[in-house]
Amino acid sequence: MIMQLLNKLHSYGGDLLLFRAALRICKQFAIASCFFIALSACDQMRPVQTSTAFIHSAPTRALSTSAINEKIAEILLQGITERKAEGGATVLVEANTGQIISLVSIVTPTAPDWEEPKYNRAVHPVHELGSVFKTFTIAQALDMALVAPETMLTIPPALRISRFQILDFDQLNEQSTVREVFLRSSNIGTTQISQLIGSAAQQSFFGELGLLSAHPLEDRYPTQIKQRLPSNWSSLVAATLSFGHGLTASPLQIAGAYSSLINGGLSVPLSTTPLPQFRRRVVNTGTSETLRNLLQANVQVGAMSLAAENDLEVGAYGGTAEMLTASGGYDESRLVSTVAAAFPIENPKYVLVVMLENPAVRVDGDNLRTASRTVAPLVAQIIEQVKP
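Residues numbered from 1 in each chain as written. Predicted model: local features only at pLDDT ≥ 70, side-chain atom pairs only at ≥ 80, totals over all residues. Heavy atoms only, no water.

**A word on the overall build of the chain**
For step 1, the next point in the chain: Each helix and strand counted, the chain has eleven helices and 15 strands in total.
For step 2, the next point in the chain: Taken over 388 residues, the chain has a buried fraction of 58%.
For step 3, the next point in the chain: Intrachain contacts of the chain at a sequence separation of at least 6 include 65% that bridge at least 24 residues.
For step 4, the next point in the chain: Counting every atom, the chain has about 16,000 Å² of accessible surface; 51% of that belongs to carbon and sulfur. (Helix = DSSP H or I, 4+ residues; strand = E, 2+ residues; numbered from the N terminus. Buried < 20%, exposed > 50% of the residue type's maximum accessible area, 1.4 Å probe, protein only. Contact = heavy atoms within 4.5 Å. Areas by Shrake-Rupley, 256 points an atom, 1.4 Å probe, with all protein chains shown as cover.)

So, in structure tokens, the structure goes:
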């Protein structure tokens, strides 16, 4: 399958190569002069350079189900190819144990670091991931009993904080419920909810979710890129963090945070093997159930309809954000799109996070770049292959 996909990429230039080697060291990897794929695991990747490719391999013992990992890699590669993305990543974990089932990172020749990849797309917190953070804001406010799904909020056309103005892409009715704020991904409504929470409580909650600290896997893949953390947790910073700006995060961190919120509310440190652990309560069971219902509604009637799977109830949320420049600014021409999904949502077994760097799909002559159009269909394809 991967060979067939690589053959379709001949127009990208260069002869295409596929390597399957290191029988006991690496079960699966695919590499071509136009693609670099890293199937990451617990041991440090050992790069091998040829005249046309980089090969990073990892031992199969580090991933419990190599067949799942291989299939996910095929789907991600095909999705990146069709969307002409710069790169992408997937992370699949067991929601209740934290065991990493699959972890894949892919880089294409259109990426600035193609010749020498600077970071692992799945592991390193390089991008601000946007609206996937709204789930954290809603979860905390629900758990603090500050709001309920049917709580009414007054949503202005714009919200000014200090000298900055927060806007919505999709303008809500002036009187909207928290549920509507979530399902229509309102920056303004989410900011208002974060103001109820407060900066100090938000910072503490993000810490409990593992969003402010490095995962041990980061040490396995050295990089010069550091996580962007707030220098101060002001009211403005708290506002932008509530909808996923001002803090970089990795797909791995997002997978861990979502697992803790939807599995009944217990923290699950992620590892390639199940670990005996003292599990802290992050949110109460009622909050976790309400959040699952909201995520399910977002697939049934919200923006994530393309993540739906015929025989299984799925919950999901997406985010699209501008990629960061080397100087720390934003590149409006390049977007990162991410979807976090849980399934089966009534009693989640898995959490899946899929991220694409600068993807686009062509629909009726327009290039669509949001997570709902570019990433959600890949989520559905992967769930179809790995569903319980």
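**A few points about the packing of helix 3 (residues 134–143) against helix 8 (residues 251–262)**
For step 1, the next point in the chain: Where helix 3 meets helix 8, the closest approach of the two axes is 11 Å, and the angle between their N-to-C directions is 30 degrees. If you check the angle between helix 3 and helix 8, you find them roughly parallel. Helix 3 and helix 8 meet at a crossing whose hand is left-handed. Residue-level contacts link Thr135, Phe136 and Ala139 of helix 3 to Ile254, Ala257, Tyr258 and Leu261 of helix 8.
For step 2, the next point in the chain: Broken down by class, the residue content of the contact of helix 3 with helix 8 amounts to six nonpolar, one polar and no charged. (Axes fitted to C-alpha atoms, helices over the stretch in contact; angles between N-to-C directions. Parallel < 35°, antiparallel > 145°, perpendicular 65-115°, else oblique. Left-handed = near helix turned anticlockwise from the far one by under 90°. Nonpolar A, V, L, I, M, F, W, Y, C, P; charged D, E, K, R; others polar.)

**Details of the packing of aromatic side chains**
For step 1, the next point in the chain: The final tally for this structure, using the stated rule, is seven aromatic pairs.
For step 2, the next point in the chain: A centroid spacing of 4.3 Å and a plane angle of 20 degrees characterise the contact between Phe182 and Tyr317, whose relative ring orientation is stacked. Placement of Phe182 in helix 4 (residues 178–183) and of Tyr317 in strand 11 (residues 315–324) is noted, with a sequence separation of 135 residues between them. No difference in accessibility class separates Phe182 from Tyr317, as the two residues are buried.
For step 3, the next point in the chain: In this structure an aromatic cluster arises from ring pairing among Phe133, Phe136, Phe206, Trp233 and Tyr258.
For step 4, the next point in the chain: The ring centre of Tyr119 lies 3.9 Å from the NZ or CZ of Arg121, which sits over that ring. (Phe/Tyr/Trp six-rings, centres within 6.5 Å; stacked < 30°, edge-to-face > 60°. Lys NZ or Arg CZ within 6 Å of the ring centre and 35° of its normal.)

**Observations concerning the pattern of salt bridges**
For step 1, the next point in the chain: Scanning the model with the defined rule gives eleven salt bridges in all.
For step 2, the next point in the chain: A salt bridge links Arg228 to Glu128, with the shortest nitrogen-to-oxygen separation between them at 3.0 Å. With Arg228 in the loop between helix 6 (199–208) and helix 7 (235–242) and Glu128 in the loop between strand 6 (100–107) and helix 3, this residue pair connects regions lying 100 residues apart in the sequence.
For step 3, the next point in the chain: Across the salt bridge formed by Lys387 and Glu309, the nearest N and O atoms sit 3.4 Å from each other. With a gap of 78 residues between them, Lys387 in the segment after helix 11 (376–386) and Glu309 in the loop between helix 9 (285–300) and strand 11 connect regions that are remote in the sequence.
For step 4, the next point in the chain: Here Lys387 falls in the partly exposed class, since its relative accessible area comes to 24%.
For step 5, the next point in the chain: Overlapping salt bridges bring together Glu309, Asp311, Glu384 and Lys387 as one network. (Salt bridge = Lys/Arg side-chain N within 4 Å of Asp/Glu carboxyl O.)

**Quick word on helix 3**
For step 1, the next point in the chain: The element helix 3 is largely enclosed, with a buried count of nine among its ten residues.
For step 2, the next point in the chain: Turning to helix 3, its buried residues number three or more, namely Lys134, Thr135, Phe136, Thr137, Ile138, Ala139, Gln140, Ala141 and Leu142.
For step 3, the next point in the chain: Positive backbone phi, at 60 degrees, marks Ala145, one or two positions downstream of helix 3.

**A closer look at the pairing of strand 5 (residues 87–94)**
For step 1, the next point in the chain: Within strand 5, eight of the eight residues are buried, which leaves the element mostly enclosed by the surrounding structure.
For step 2, the next point in the chain: Bridging between strand 5 and strand 6 involves seven bridges; their strand directions are antiparallel. Each bridged residue has a counterpart across the sheet, and for Gly87 the counterpart in strand 6 is Val107.
For step 3, the next point in the chain: What sits between the antiparallel neighbours strand 5 and strand 6 is a turn of five residues, in which Gly98 has the positive phi angle 80 degrees. (Pairing = 2+ DSSP bridges.)

**Concerning unusual backbone geometry**
A negative phi angle is the norm for most residues apart from glycine, just as the trans form is the norm for most peptide bonds.
For step 1, the next point in the chain: With an omega of -20 degrees, the peptide bond between Phe343 and Pro344 qualifies as cis.
For step 2, the next point in the chain: Positionally, Pro344 belongs in the loop between strand 12 (330–343) and strand 13 (350–357).
For step 3, the next point in the chain: For Ser162, which is not glycine, the phi dihedral falls at a positive 60 degrees.
For step 4, the next point in the chain: By the secondary structure assignment, Ser162 is in the loop between strand 8 (159–161) and strand 9 (164–166).
For step 5, the next point in the chain: Of note in the backbone geometry, Asp364 takes a positive phi value of approximately 50 degrees without being a glycine.
For step 6, the next point in the chain: Relative to the assigned elements, Asp364 resides in the loop between strand 14 (361–363) and strand 15 (366–368).

**Details of the packing of helix 3 against helix 5 (residues 187–197)**
For step 1, the next point in the chain: Relative orientation of the contacting elements helix 3 and helix 5 amounts to 40 degrees, with a least axis distance of 9 Å. Overall, the two elements helix 3 and helix 5 adopt an arrangement that is oblique. Crossing handedness for the pair helix 3 and helix 5: left-handed. Across the interface between the two elements, Lys134, Thr137, Ile138, Gln140 and Ala141 from helix 3 touch Asn187, Thr190, Ile193, Ser194 and Ile197 from helix 5.

**Quick look at the environment of Ala67**
For step 1, the next point in the chain: Examined against the element boundaries, Ala67 turns out to sit in helix 2 (residues 66–83).
For step 2, the next point in the chain: Along the sequence, Ala67 and Ser102 sit 35 residues apart, while their C-alpha atoms lie 9.5 Å from each other.

**Some words on the confidence of the model for the chain**
For step 1, the next point in the chain: Across the chain, the average pLDDT comes to 85, with 82% of residues at or above 70.
For step 2, the next point in the chain: Low pLDDT (under 50) marks residues 38–64, which in the prediction has 85 contacts with non-local residues, meaning those over four places away or in another chain. (pLDDT = per-residue confidence, 0-100.)

**A short note on the nonpolar core**
For step 1, the next point in the chain: Ranked by internal contacts, the top residues of the largest apolar core, which has 68 residues, are Phe136 and Ile254.
For step 2, the next point in the chain: Residue contributions to this core peak at seven residues, all from helix 8.
For step 3, the next point in the chain: Not counting residues within four places of it along the chain, the set of residues in contact with Phe136 comprises Phe205, Phe206, Leu209, Leu211, Ile254, Ala257, Tyr258 and Leu261.
For step 4, the next point in the chain: Ranked by size, the runner-up nonpolar core spans 33 residues in total, among them Ala85, Phe343, Leu356 and Val379. (Core = buried A, V, L, I, M, F, W, Y, C linked by side-chain atoms within 4.5 Å.)

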